[in-house]
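# A structural walkthrough
The residues making up each chain are set out below.
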Amino acid sequence: MSSAAEKAFEELKETVGRVTVDNPKMQAKNVDVFYGDKQAIFDVTCDIGKNEVIAMIGPSGCGKSTFLRCMNRMNDTIPSCRVGGDILLEGDSLYSSSVDPVMLRARVGMVFQKPNPFAKSIYDNVAYGPRIHGLANNRAELDDIVESSLQRAGLFDEVKDRLNAPGTSLSGGQQQRLCIARTIAVNPEVILMDEPCSALDPIATARIEELIDELRENYAIAIVTHSMQQAARVSQRTAYFHLGKLVEVGETKTIFTNPTHELTENYITGRFG
Amino acid sequence: MSNNTTEKVRASLQKRYFKEKVFRSIGVVAIVASLSFLVVLLGSIIYKGYPAFKASYIQLDVTLTEETLDVSADAEDSELRRANYLGAIRTALRERFPEVTKRGDKRNLYRLISSGAEYALSDFMMEDRSRFGQTHSLWLLADDEADALLKRNKDLTKPIRTGENAKNKDALITRLNTDQLGWLQSFKEAGETDVRLASTFFTNGDSREAEQAGIRAALIGSAYTLLITFVLSFPIAVAAAIYLEEFAPQNKFTDIVEVNINNLAAVPSIVFGLLGLAVFINYLQLPRSAPVVGGIVLSLMTLPTIIISSRAALKAVPPSIREAARGLGASPVQVVTHHVLPLAMPGILTGTIIGLAQALGETAPLLMIGMVAFIVDIPNSVTDPATVLPVQVFLWADAPERAFTERTSGAILVLLAFLVVMNLTAVLLRKKFERRW
Ligand SMILES: Nc1ncnc2c1ncn2[C@@H]1O[C@H](COP(=O)(O)OP(=O)(O)O)[C@@H](O)[C@H]1O
Ligand SMILES: [Mg+2]
């Protein structure tokens, strides 16, 4: 980082661009996150709209995953982690004492960087969420949920003859689509994706990107990505993080063609040329 | 320049290959050495122990009448059971060798048949009362000295190795005298001796008479003790491991618990025996010599082993699996029971079997709680007095009779077989639980 950019970062008081949207699904308000004494997120305010895909980009270690994991309270399990500020889902605080994190994670699903299917059959992988939440009343309903989830994840045709094969017998790209199917089987309202394609080849990546675009019809999606092309392809809005601060948020097109903040511009041009 | 590099690499290559060769041969030597130790050890135990699984029988025509048994034909069952069967056997022996008249010689003659034969005869009688009043040709268990010569098929006409021919390698080593050898030879020539599988070794408890001593009491005692050990230690240890690994906060308290569990694993086993004696027997008044106390004491010893290996198995489950389940809304307990535990099960089972195998071979703490008693009766419950296989080995190894030596090795073989069966079960269970991920 040049000294000029450093200065710009020091001077950064407020996020550049419009952080709110007209019909928000989730709203993060002045979120601070600490790991022990070390602060990883500084005063981030940002909305996620209904039926939109928001991409979160930024250099490694800037806190994208940390921020994403606050939105379904996955950070609760890290003992040293403390979250300040507030995050609302449909206007209700996630961190109020009346909210059960188990309930919350049924509403806000998550897809991880590395495909992590359970050591169970393909069918059971998808059926697991509906089973624990009691979403199906009988076997036929469960079959329907599994089939439609696999279908929406674009995996059904490839696995319909071997639903009883272990989930781990699939290729990396298929495993990630299985994980997406598993997430949407619970029918969440929001899907958080943490670099879902970083372990996949370009063809598998393209399939998942198509899928994300289709899923937008029904869900709000936040996706962390290292690839700016990917952010440009799948998202409507983009948020740029830098060292724990949210530097700039805006329409994806604007961010990539005409960024306002110097840091955003450095990052984007640095990658593209 | 590049030529130079090639030269240097080539020169160093030879050195590297030489080192590799040396390293490999050290490994091979180590394996061969340990294998040959094992072969020698097992070989000597099997060689010494296999006669324990054979027993010699002598055929006699035994008359079961009022005269020989000292009881009338219409006697009560209980009376008939306690009739003079020893007398009947002795009469049969005297009839077989009418030339033996002197009292001392007669006594020597009687010694060829095991003193347990009278009970076998009593059982034979009680099986069918119509056998009363008839003469039966019966196979009776030979006494241990006669048994030792018969089952090794020794030439009974050779001299005995004593006094003047102490250096004669060919002579027989036995406590029988020349007369007894002659009678035995006469049985043998008439085809009235037989060597069979020693069912008594597996059906009897301990006995002062070597030929009647069996390992059943110890085997059942070991099984009961291990059952108690397993039932107590497995659930407690697995629960403790799960709590420490998956739920406990990281603080001073859990650190102290962890250090203490590791220390517990290093405590000499006899200390657990003393604890068992002081707490379970003297204070809680649990029965002495019983598998239930043995099991409790051994589970104290086994707990740390299972806890430590279970924690290692739980740690080895990738965190991504936990995250995936949590991300779908599984509660912490569901995460553990649905995903983590099934994946950790093979490792947990391995640790459990290692712990139980240790417990199976443990002697010292059991001596402290009185499981060293001379147990003839087969224990019927976990509160009956019992002994266990390693203690039985210890007891027999201490007995002066030569026939107990082979029984010692025989009992070790049974102990090893028990271990093999346990390990086999573990392997099968592992196979069943193992999943790919
Ligand atoms: N479990 C944790 N404990 C302590 N520090 C952490 C933990 N996870 C992440 N961090 C720190 O928080 C910062 C943000 O990390 P992360 O959110 O993973 O970044 P990104 O996903 O943008 O690469 C980093 O400096 C990282 O070292
Ligand atoms: Mg990350």
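In this text, all values refer to a predicted model and were calculated from it rather than measured experimentally.

## With respect to the packing of helix α10 (residues 216-247) of chain B against helix α13 (residues 291-315) of chain B
Residue and element names in this part refer to chain B. Relative orientation of the contacting elements α10 and α13 amounts to 35°, with a least axis distance of 6 Å. For the pair α10 and α13, the sense of crossing is right-handed. Looking at the contact of α10 with α13 residue by residue, the classes come out as 19 nonpolar, nine polar and four charged.

## Details of the pairing of strand β4 (residues 81-89) of chain A
Residues and elements named next belong to chain A. Note: strand β1 (residues 24-35) against β4, eight bridges, orientation antiparallel. Paired with F34 across the bridge in β4 is R82. Pairing geometry for β4 and strand β5 (residues 92-93), over two bridges, is antiparallel. The partner of L88 across the bridge, within β5, is S93. If you look at the hairpin formed by β4 and β5, you'll find two residues sitting between the two strands, and E90 has a positive phi there, around 50°.

## Overview of the packing of aromatic side chains
The tally for this structure, following the rule as stated, stands at 11 aromatic pairs over all chains. The interplanar angle of 35° and the centroid separation of 5.1 Å between the aromatic rings of A:Y240 and A:Y267 together place this pair among those described as tilted. With A:Y240 in strand β9 (residues 237-242) and A:Y267 in helix α11 (residues 262-272), the pair connects residues that are 27 residues apart, well separated along the chain. There is no split in this pair, since A:Y240 and A:Y267 are both buried. Within the aromatic cluster, the residues linked to one another by ring pairs are B:F53, B:F201, B:F202, B:W396 and B:F404. Here B:R208 stacks its cationic end above the ring of B:F374, 3.8 Å away from the centre of that ring.

## A short note on the domain arrangement of chain B
For chain B, the assigned domains read domain 1 (2-50), domain 2 (52-198) and domain 3 (216-433). Look at where the C-alpha atoms of domain 1 of chain B and domain 2 of chain B centre, and you get two points 58 Å apart.

## Concerning the packing of helix α4 (residues 85-96) of chain B against helix α6 (residues 117-127) of chain B
Residues and elements named next belong to chain B. It is the contact of α4 with α6, at a shortest axis distance of 8 Å, that shows an interaxial angle of 105°. One element, α4, and the other, α6, form an angle in the roughly perpendicular class. Across the interface between the two elements, Y85, L86, A88 and I89 of α4 pack against A117, E118, L121, S122, M125 and M126 of α6. Among the residues forming the contact of α4 with α6, the class breakdown is eight nonpolar, one polar and one charged.

Quick notes on the rules
- Residue indices follow the written sequence of each chain, beginning from 1 at its first position.
- In the order they appear in the text, chains get letters beginning with A and ligands get numbers beginning with 1.
- With the structure being a predicted model, the display of local features is reserved for residues of pLDDT at least 70 and the display and counting of side-chain atom pairs for 80 or more, all residues being used for whole-chain, interface and lining totals.
- To obtain the side-chain values, all non-hydrogen atoms of the structure were included, while hydrogens and water were left out.
- Here the axes come from fitting lines to C-alpha atoms, over the contacting stretch only for helices, and the angles between their N-to-C directions go from 0 to 180 degrees.
- Where helices and strands are cited, they refer to DSSP runs of H or I of at least four residues and of E of at least two residues respectively, numbered from the N terminus.
- Should the near helix be turned anticlockwise from the far one by less than a right angle, the crossing is termed left-handed; should it be turned clockwise, right-handed.
- For this classification, Asp, Glu, Lys and Arg are treated as charged, while Ala, Val, Leu, Ile, Met, Phe, Trp, Tyr, Cys and Pro are nonpolar and the rest, including Gly, are polar.
- Whether two strands pair depends on DSSP finding at least two bridges between them.
- Paired rings are identified among Phe, Tyr and Trp, the last through its six-membered ring, by centres lying within 6.5 Å, and are further divided according to the angle between planes into stacked (under 30 degrees), edge-to-face (over 60) and tilted (the rest).
- Burial here depends on accessible area, computed with a 1.4 Å probe over protein chains only, as a share of the maximum for the residue type. Under 20% is buried, over 50% is exposed, and the range in between is partly exposed.
- Lysine NZ or arginine CZ positioned within 6 Å of the ring centre and within 35 degrees of the ring normal marks a charge as sitting over the ring.
- An automatic or database domain assignment is the source of the domain bounds shown.
- Any angle that falls under 35 degrees is termed roughly parallel, while one over 145 is termed roughly antiparallel, one within 65 to 115 roughly perpendicular, and all others oblique.
- We call two residues in contact when some of their heavy atoms are within 4.5 Å.

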